Amino acid sequence: MATGDLEWLAEQIEIKLERIRAKIESEHEMIQRSSELIAKAKELLSEPVPKFWPSIRK
């Protein structure tokens, strides 16, 4: 391979690696957000439920 070809290939590999890193970071952020939302949902579900609901009059 010529030097120019190797440089081009190295650039393409670096671009691909940057995309992979960005994807992994995005996935980590989504997982973190999901974990936070699940924790909030569990907290809400652990609260006592009223024994009766007030009637709605029209």
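**Q** Just checking my understanding: could you explain the overall build of the protein for this structure?
**A** Within the protein, the secondary structure is distributed over one helix and zero strands. Its C-alpha atoms give the protein a radius of gyration of 26 Å, clearly above 10 Å, the size a compact globule of 58 residues would have. Its C-alpha atoms put the protein at 80 × 30 × 10 Å along the principal axes. Positive and negative charge centroids in the protein, built from 10 and 11 side chains respectively, lie 20 Å apart.

**Q** How do you make sense of a nonpolar patch on the surface when you look at a structure like this?
**A** Judged by side-chain polarity, Leu6, Trp8, Leu9, Ile13, Leu17, Ile20 and Ile24 come together as a nonpolar surface patch covering roughly 630 Å² of accessible area. Relative to the elements of secondary structure, isoleucine 13 occurs in helix α1 (residues 3-46).

**Q** Even after reading the chapter, I still don't get the pattern of salt bridges, so can you show me in this structure?
**A** Any two side chains of opposite charge can pair, so long as their charged atoms come close to each other. The full count for this structure, using the stated rule, is three salt bridges. Salt-bridge contacts for arginine 21 lead to glutamate 14; the nearest nitrogen and oxygen are separated by 3.4 Å. Residue class for arginine 21 comes out partly exposed when judged on its relative accessible area of 46%. Between glutamate 36 and arginine 33 there is a salt bridge whose closest N-O contact spans 3.9 Å. Here arginine 33 and glutamate 36 lie together in helix α1, a separation of three residues that amounts to about one turn. The partly exposed category is assigned to glutamate 36, whose relative accessible area is 36%. Under the relative-accessibility criterion, arginine 33 is labelled partly exposed at 44%.

Parameters at a glance
- Residues numbered from 1 in each chain as written.
- Predicted model: local features only at pLDDT ≥ 70, side-chain atom pairs only at ≥ 80, totals over all residues.
- Heavy atoms only, no water.
- Helix = DSSP H or I, 4+ residues; strand = E, 2+ residues; numbered from the N terminus.
- Rg over C-alpha atoms; globule rule 2.2 N^0.38 Å.
- Lys, Arg positive; Asp, Glu negative; His and termini not counted.
- Charge placed at Lys NZ, Arg CZ, Asp CG, Glu CD.
- Patch = residues over 30% accessible without salt bridge, like charges linked within 9 Å, V, L, I, M, F, W, Y side chains within 5 Å.
- Areas by Shrake-Rupley, 256 points an atom, 1.4 Å probe, with all protein chains shown as cover.
- Salt bridge = Lys/Arg side-chain N within 4 Å of Asp/Glu carboxyl O.
- Buried < 20%, exposed > 50% of the residue type's maximum accessible area, 1.4 Å probe, protein only.

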